[in-house]
Amino acid sequence: MHEQLITPELRQWIIEQSSAGHSVESVLSAMKASGWHEDTALTALENTLKEHAWPLMQAGQPLPEPALASGATALWAHDREVRVLVSMARPRVLVLGGLLSAQECQEMVELARPRLARSETVINATGGSEVNVARTSEGMFFARAENELCQRIEARIAALVNWPIERGEGLQILRYGPGAEYKPHYDYFDPSQPGTPTILRRGGQRVATLVTYLNTPQAGGATVFPDIGLEVSAVAGNAVFFSYALPHPMTQTLHGGAPVMDGEKWVATKWLREQRFE
Ligand code: PD2
Ligand code: ZN
């Protein structure tokens, strides 16, 4: 092992490069080019970013965030009381109980069912979309305010997370059959991909996600966060909320839908944007 000292100057330089939007990969290449051994460079990068990531991320714009009084066990959201089951600070993750009633869950499924198609994911290179083997669900999008139920749920979510309805995408419904899954991914658009500027013209980046479970699978189908070792069980009417101040892995918002082991799984996903999404 080569001994190379991680000086305060090097740490400062790493922070500046990252803040300026350079990817960890490009900072690493620059360090290697100026004579740092890969192992040392990686360690220096990792340690520096770990310490500085959260302050950097908090310096930016406000994020969707429920008004949670300390110790609160529930929140009033527009027309309904929502229970707070889990609240994690970093990354910001909330597990919520009773966001939708059983009847609302069923209605959502029945409205979506006839319109399902094999899920597509965004092609980062072009900004278009395509069928992807990592995502074996079927899905559809409702337009915002498309029907009375969408309007009610959108108003509830907007009140819940203090974010204008206009900065939300339409609700996406996904159905996972037995064995179907959604491999771990980030919901923000990767800034290094050539198609991203086109996507960002409509509403800017995604800054938060709310996944609501519309049924309870017999087994499997949890939403998993591999970086933080968290698994959220899919329970009808419950939801998981998480926010990400930067389109960067240091947000630790890598997440996926674990395979459905028995039965099927239905979710409604709401993505929140920085700006008006029209
Ligand atoms: O269905 C899920 O649990 C899930 C997991 C990861 C949904 C999404 N991502 C999504 O809709 O982005
Ligand atoms: Zn996702």
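Use the structure listed above.
The text that follows walks through the structure, step by step, so that each part is easy to find. Predicted model, so just to flag it, every value in this text is computed and none were measured. (Residues numbered from 1 in each chain as written. Chains lettered and ligands numbered in written order. Predicted model: local features only at pLDDT ≥ 70, side-chain atom pairs only at ≥ 80, totals over all residues. Heavy atoms only, no water.)

**Points about the coordination of the zinc ion (ligand 2)**
The textbook angles at a metal center are 109.5 degrees for a tetrahedron of four donors and 90 or 180 degrees for an octahedron of six.
Alright, step 1. Around the zinc ion (ligand 2), the protein contributes the donor atoms His 185 (NE2), Asp 187 (OD) and His 255 (NE2), which lie 2.1 to 2.2 Å from the metal centre.
Alright, step 2. In terms of primary sequence, the donors binding the zinc ion (ligand 2) are separated according to H-x1-D-x67-H. Remark: His 255 occurs in strand S15 (residues 255–257) and Asp 187 occurs in the loop between strand S9 (182–185) and helix H6 (196–200); sequence separation between them is 68 residues. Per residue, the accessibility class of Asp 187 equals that of His 255, and both read buried. (Donors = N, O, S within 2.8 Å, 3.2 Å for Na, K, Ca; no water. Helix = DSSP H or I, 4+ residues; strand = E, 2+ residues; numbered from the N terminus. Buried < 20%, exposed > 50% of the residue type's maximum accessible area, 1.4 Å probe, protein only.)

**Comments concerning the side chain of Asn 147**
Alright, step 1. Relative to the elements of secondary structure, Asn 147 occurs in the loop between strand S7 (138–141) and helix H5 (148–161).
Alright, step 2. By relative accessible area, which is 18% here, Asn 147 ends up buried.
Alright, step 3. Only 2.7 Å separates the side chain of Asn 147 from the backbone nitrogen of Cys 150, close enough to count as a polar contact.
Alright, step 4. Excluding residues that lie within four positions of it along the chain, Asn 147 makes contacts with Leu 111 and Phe 142. (Polar contact = N/O pair within 3.5 Å; in protein donor to acceptor, adjacent residues only side chain to side chain. Contact = heavy atoms within 4.5 Å.)

**Section: empty space enclosed by the protein**
Alright, step 1. Following the criterion strictly, the structure yields three cavities of 30 Å³ or more and no others.
Alright, step 2. Space inside the largest cavity adds up to approximately 140 Å³.
Alright, step 3. Taken together, 17 residues form the lining of the largest cavity, with Tyr 176, Tyr 182, Val 211, His 255 and Thr 269 sitting closest to its centre.
Alright, step 4. Residue assignment for the lining of the largest cavity shows that the elements contributing at least two residues are strand S8 (172–176), S9, strand S10 (206–213), S15 and strand S17 (265–273).
Alright, step 5. It is S17 that contributes the most residues to the lining of the largest cavity, four residues altogether. (1 Å grid on protein atoms, 1.4 Å probe; cavity = no way out; pocket = protein on both sides within 12 Å on 5 of 7 lines; lining within 4 Å. Points joined across faces, edges and corners; volume = space filled by probe spheres on them.)

**Remarks on the sheet that holds S9**
Alright, step 1. If you trace the four strands from one edge of the open sheet to the other, you get S9-S15-S12-S13, paired in antiparallel fashion. Where the open sheet ends on each side, the last strands, each with one partner, are S9 and strand S13 (230–232). Taking the axes of each pair of neighbouring strands and ignoring which way they run, one obtains an average angle of 15 degrees across the sheet.
Alright, step 2. Pairing of strand S12 (residues 223–225) with S13, which is carried by three bridges, proceeds in the antiparallel orientation. Counted as the bridge partner of Val 224 is Glu 231 from S13. (Pairing = 2+ DSSP bridges. Axes fitted to C-alpha atoms, helices over the stretch in contact; angles between N-to-C directions.)

**A word on the packing of helix H1 (residues 8–19) against helix H2 (residues 24–33)**
Alright, step 1. Interhelical geometry of H1 versus H2 gives an angle of 140 degrees and a closest axis separation of 10 Å. As H1 runs across H2, the sense of the crossing is right-handed. Counting all contacts with H1, which are made through Leu 10, Trp 13, Ile 14 and Gln 17, the residues of H2 involved are Val 27, Ala 30 and Met 31.
Alright, step 2. Each residue belonging to the contact of H1 with H2 can be placed in one class, and the counts come to six nonpolar, one polar and no charged. (Left-handed = near helix turned anticlockwise from the far one by under 90°. Nonpolar A, V, L, I, M, F, W, Y, C, P; charged D, E, K, R; others polar.)

**A word on the pattern of salt bridges**
Alright, step 1. Scanning all chains against the criterion turns up 16 salt bridges.
Alright, step 2. Between Arg 175 and Glu 138 there is a salt bridge, with its nearest N and O atoms 3.0 Å apart. With Arg 175 in strand S8 and Glu 138 in strand S7, this residue pair connects regions lying 37 residues apart in the sequence.
Alright, step 3. Assessed through its relative accessible area of 27%, Glu 138 is described here as partly exposed.
Alright, step 4. Note that Arg 175 is salt-bridged to Glu 264, the shortest N-O span being 2.8 Å. Pair noted here: Arg 175 is in strand S8 and Glu 264 is in the loop between strand S16 (260–262) and S17, with a separation of 89 residues, a long-range link.
Alright, step 5. Connected through shared salt-bridge partners, Asp 79, Glu 104, Glu 148, Arg 152 and Arg 156 make up one network. (Salt bridge = Lys/Arg side-chain N within 4 Å of Asp/Glu carboxyl O.)

**So, the pairing of S8**
Alright, step 1. For S8, the buried fraction is high: four of the five residues fall into the buried class.
Alright, step 2. Here four bridges tie S7 to S8, and the two strands are oriented antiparallel to one another. Looking across to S8, one finds that Glu 138 is bridged to Arg 175.
Alright, step 3. Pairing of S8 with S17 involves five bridges; the strand directions are antiparallel. Directly across from Tyr 176, in S17, lies its bridge partner Lys 265.

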